[in-house]
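Listed here are the chains, written in short residue letters.
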Amino acid sequence: MLDEGRRRAARGTDVVVGYVECHGRAHTQAMLDGLEVLGRARYEHRGRTYPELDLDAVLRRRPGVVLVDELAHSNAPGCRNAERWQDVQELLAAGIDVVATVNIQHLESLNDVVVKITSVPQRETVPDDVVRRADQIELVDIPPEALRRRMAHGNVYPPEKIDAALANYFLPGNLTALRELALLWTADRVDEALRRYRSEQGIGGVWETRERVVVALTGGPEGETLIRRAARIADRAAQGGALLAVHVVRSDGLATGASHSALARQRRLVESVGGSYHTVVGDEVATALVEFARAENATQLVLGTSRRGRLERFLTGRGIGETTVALSSDIDVHMVTHERAGGGRLLPSRRRTLPTARLLAGPVAGLVLPVLLTLLLDRTRGTFNLTSEALLFLVTVVGVACIGGVVSALVAAVTASLLLNYWFIPPVGEFSFTDPDNLLALVVFALVAATVAAIVDRSLRMSRRAAAAAAEAETLSSLTGDVVRGDQAVPALLARTRETFAMDSAELVERPVDDPAATQVPVGGGLHLVLRGRALPSSERRVLAAFAAHVSAAVERARLAEAAAEAAAEVEPVKAADRMRTALLAAVSHDLRTPLAAGWAAVGSLRSPDVRFTDEERGELLATADESMARLSRLIDNLLDMSRLQAGALTLNLRATSLEEVLPSALDSLPLDAAPPVLHGVEAIPPVLADPPLLERVIANLIGNAARFAPRGTPVLVTASALADRVELRVVDRGPGLPPTDRERIFEPFQRWGDTDNTTGVGLGLALSRGLTEAMAGTLTPEDTPGGGLTMVVSLPVAVLSRRAERKNPEQGVGRF
């Protein structure tokens, strides 16, 4: 980032440094020479000062380019924005270019994967969409061993931290996995940019930058075979190819041959092998498949061989597979055989209207079939009477009508009536139209043929309408299924709309665009859904209207969710305060009264003139009064400190503090009958950054709690260790332990383990301990004690580091906005 800033400054660009964290590295610090560095804003919180990006100063300065480090950083309380990436968005909105850095482990979509790899949670993340919107993303890559050498040479960490870093987070396996994540994420972003460029430039050819295998699914039983075959093809590609399964829903009837349950199973199978499932709309299946493959820059298409029998192939002509091969051009097409090939149930034909082959074959059949029937009947003359011969000619005319429609039927009727008149109606061998019966026969032939053809045509039209309705229903059913599964965010719905209608782009705009080639649909709230690409027929526009309704509902849900979140943010503090007030009153009703009553009774007895006490009895009463007042004082201190923590008003005095300094005072607060704790490794621990009195109270609470649950006579173990720039203090007991489901509940105020014993306090000890620890930039977490029991782990930063330096990772990637 600094190198880019220096290069731009040398070129004459107005560049300033808004925020750069050098982590004490001399080489990095030296690169700031010659660049204008803006001062940092200072924010006070709980007695500490936090330096942050001075957003207002950058806006006042209005440079051409500002350098902003650590994009995923969470700002200190009091800043205008909670996250630094929100600061960057404000700068971009003001017209200021930003060069920023971000680590791959801070991307929101990869957060859980990084935790699995490194076992280190990343609490600061940045939404992927923020980084994806950058004008340019540059990957700063280095082999793991080279990075480890840099660390070993002292270029990253000071000498005292090198060994711990190399032995923990910066292991070769961790670095290799993070490097692969970074490469793959960047490759996906490059792929998005390539797809956008091809769309903008109208490039339809396939660029084989990466193997993408598209498998076509019909909803038939062969689907699982095709998916597994396509997955093997994708896996054999260099570094693994992408697998996309597509089902074409069309208005001409393919949807009626699909099994919804089979498609659902096949979708789950596709996702289980790492592929993605898509549904597209298209009148021509082969054309829709090829258009989808080209839009996704696919390199290979996998189809099943036809399930149609020989007769249907003869009647309907070339099938989907052959047509796809003819259209595929530079896309490889794999025809996969399966057990249903050629012998399964028939798929609907390519069209529900008459295909070209039938339109051409019908008139020919209308001429040829009556002639062939005439030759056959002439050879068997005398076998049939005139009525039977007329009926056979009528059957022939009906058959031709079913094949070729009205025109073919009329041709067959005229031909059949003439042949019947010439060859079989007396006088044989000549045409006779003077007889009314002959004229009636010709008219009947024409009427029957026209009627049958009209019925066939009407049946086909009704079948097409029913198929179109079924196709629309299937598409909307698939969309509804996505919504039920949670894929209802507006970007996801827009992506699904673009894929379904095979368009180049789909977006929401606030006002209609001046583009006659674009398809625009209002979605409510002043927004319009705009699709660019092919022209949509009216049948698909009806389905698009339903998609627009879903997009409108998603937009409204997003607005309501945002409003609800804002309302919840305002209501939650009030509710929390009410809960705290209720719990406090419940605690006061008993736990404050108990020590107060005991002390009052002891003092009242001592003041009574009617009773004479021995010196021993007087000492016991004074001890009771003293213990009750001390208990009452501790209780009030805890309540006051908890209220300060809740209000964010606790004052801290952080300084270098050794454990040996606070442990003796913490151990003095243990009950007299408790076994003295065993200390291990405390002397060799470096000082931590803490407030000594508060750290003492944390340790005292934890040791006292452990002693209360430890078996009688079993001492509590207190150990300490240093790891990198952290110190961990463990308070170990051998008590009954704690189920994982209750480990967070014990840190809530006014919660006692079991909630059955009111003599042990108001339940503020662990809640206060965690609050005080976190106020000192530490953590308090429970763990299982090996062999049984509970271990409380207090982690604090070493005194030489600030909290801000402690929580940042050293290596940063670079992204330009």
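Owing to the predicted nature of the structure, the values given are computational and were not obtained by experimental measurement.

Structural notes on the sheet that holds strand β21 (residues 779-784)
Part 1 of the argument: Judged by pairing direction, the sheet is mixed, and its five strands sit side by side in the order β17-β19-β20-β22-β21 without closing on themselves. Taken across any chain shown, the strands that pair with only one partner, and hence form the sheet edges, are β17 (678-680) and β21. Taken pair by pair, the neighbouring strands of this sheet meet at an average axis angle of 20°, ignoring direction.
Part 2 of the argument: Inspection of the sheet shows β21 paired to strand β22 (residues 790-797) by six bridges, in the antiparallel sense. Residue pairing for β22: Thr781 is matched across the bridge by Val793.

So, helix α10 (residues 223-236)
Part 1 of the argument: Between its terminal C-alpha atoms α10 stretches 20 Å, which fits the 20 Å expected from 14 residues at 1.5 Å a residue.
Part 2 of the argument: Residues of α10 that are buried: Gly223, Leu226, Ile227, Ala230, Ala231, Ile233 and Ala234. Here the buried residues of α10 occupy an arc of 160° about the axis, which is enough to place them on one side. Seen from the open side of α10, the exposed residues pointing more than 90 degrees away from its buried face are Asp235 and Arg236.
Part 3 of the argument: Tucked into the core, α10 has its buried residues touching β8 (212-217), β9 (242-249), α11 (260-272), β11 (300-304) and β12 (332-336).

Focus on the pattern of salt bridges
Part 1 of the argument: For the coordinates displayed, the defined rule picks out 16 salt bridges.
Part 2 of the argument: Across the pair Glu52 and Arg84 runs a salt bridge, and its minimum N-O distance is 3.2 Å. Of this pair, Glu52 sits in strand β4 (residues 48-52) while Arg84 sits in helix α4 (residues 84-93), and the two are 32 residues apart along the sequence.
Part 3 of the argument: Residue class for Glu52 comes out buried when judged on its relative accessible area of 0%.
Part 4 of the argument: Assessed through its relative accessible area of 0%, Arg84 is described here as buried.
Part 5 of the argument: Its salt-bridge partner being Asp129, residue Arg133 comes within 2.2 Å of it at the nearest N-O pair.
Part 6 of the argument: The exposure class assigned to Arg133 is partly exposed, which follows from its relative accessible area of 49%.

Here we look at the sheet that holds strand β15 (residues 527-532)
Part 1 of the argument: Strand order in the open sheet formed by three strands is β13-β15-β14, and the pairing between neighbours is antiparallel. Edge positions in the sheet fall to β13 (505-509) and β14 (519-524), since each of these pairs with one other strand and no more. In this sheet, adjacent strand axes meet at a mean angle of 20° when their direction is disregarded.
Part 2 of the argument: Pairing between β13 and β15: five bridges, direction antiparallel. Bridged to Glu507 within β15 is Val530.

What about the packing of helix α21 (residues 659-668) against helix α22 (residues 692-709)?
Part 1 of the argument: In contact at an axis separation of 8 Å, α21 and α22 are set at 50° when each is read in the N-to-C sense. Between α21 and α22, the angle falls in the class oblique. Here the hand of the crossing between α21 and α22 comes out right-handed. Residues Leu659, Glu661, Val662, Leu663, Ser665, Ala666 and Leu667 of α21 lie in contact with α22, whose contacting residues are Pro692, Leu695, Glu696, Ile699, Ala700 and Ile703.
Part 2 of the argument: Considering only residue class, the contact of α21 with α22 consists of 10 nonpolar, one polar and two charged.

What to know about the confidence of the model for the chain
Part 1 of the argument: Looking at the chain, the pLDDT average stands at 77 and 76% of residues meet or exceed 70.
Part 2 of the argument: With pLDDT under 50 throughout, residues 343-352 is counted as low confidence; its partners more than four residues away or in other chains account for 31 contacts.
Part 3 of the argument: Low confidence marks residues 753-762, where pLDDT is under 50. Its contacts with residues over four positions away, or in another chain, come to 21 contacts.

Some words on the side chain of Asp87
Part 1 of the argument: Positionally, Asp87 belongs in helix α4.
Part 2 of the argument: As a buried residue without a salt bridge, Asp87 has its nearest oppositely charged side chain in Arg84, at a separation of 5.1 Å.
Part 3 of the argument: At 2.6 Å, the side chain of Asp87 and the side chain of Asn81 are in polar contact.
Part 4 of the argument: Apart from the residues lying within four places of it in its own chain, the contact partners of Asp87 are Leu53, Leu55, Asn75 and Asn81.

As for helix α12 (residues 285-295)
Part 1 of the argument: Counted residue by residue, α12 has eight buried out of 11 residues, so it is predominantly covered.
Part 2 of the argument: Taken together, the buried positions of α12 are Val285, Ala286, Ala288, Leu289, Val290, Phe292, Ala293 and Arg294.

What to know about the pairing of β22
Part 1 of the argument: For β22, the tally of buried residues reaches eight of eight residues, placing the bulk of the element in the interior.
Part 2 of the argument: Residue alternation in β22 divides its side chains into two sets, Leu790, Met792, Val794 and Leu796 and Thr791, Val793, Ser795 and Pro797, and both sets are buried.
Part 3 of the argument: Strand direction decides the pairing type here: strand β20 (residues 726-732) and β22, joined by seven bridges, are antiparallel. Note that in β22 the partner of Val727 across the bridge is Leu796.

As for the packing of aromatic side chains
Part 1 of the argument: Overall, the coordinates contain three aromatic pairs when judged by the stated rule.
Part 2 of the argument: Ring centres of Tyr169 and Phe170 lie 5.4 Å apart, and the angle between their planes is 65°; this geometry places the pair in the edge-to-face category. The burial state of Tyr169 is the same as that of Phe170; both residues are buried.
Part 3 of the argument: Stacked on the ring of Tyr19, the Lys or Arg Arg40 has its end atom at 4.0 Å from the ring centre.
Part 4 of the argument: Stacked on the ring of Tyr19, the Lys or Arg Arg84 has its end atom at 4.0 Å from the ring centre.

What counts, and at which threshold
Residues numbered from 1 in each chain as written. Predicted model: local features only at pLDDT ≥ 70, side-chain atom pairs only at ≥ 80, totals over all residues. Heavy atoms only, no water. Pairing = 2+ DSSP bridges. Helix = DSSP H or I, 4+ residues; strand = E, 2+ residues; numbered from the N terminus. Axes fitted to C-alpha atoms, helices over the stretch in contact; angles between N-to-C directions. Expected span 1.5 Å × (residues − 1). Buried < 20%, exposed > 50% of the residue type's maximum accessible area, 1.4 Å probe, protein only. Arc of directions from axis to C-beta. Contact = heavy atoms within 4.5 Å. Salt bridge = Lys/Arg side-chain N within 4 Å of Asp/Glu carboxyl O. Parallel < 35°, antiparallel > 145°, perpendicular 65-115°, else oblique. Left-handed = near helix turned anticlockwise from the far one by under 90°. Nonpolar A, V, L, I, M, F, W, Y, C, P; charged D, E, K, R; others polar. pLDDT = per-residue confidence, 0-100. Lys, Arg positive; Asp, Glu negative; His and termini not counted. Polar contact = N/O pair within 3.5 Å; in protein donor to acceptor, adjacent residues only side chain to side chain. Phe/Tyr/Trp six-rings, centres within 6.5 Å; stacked < 30°, edge-to-face > 60°. Lys NZ or Arg CZ within 6 Å of the ring centre and 35° of its normal.

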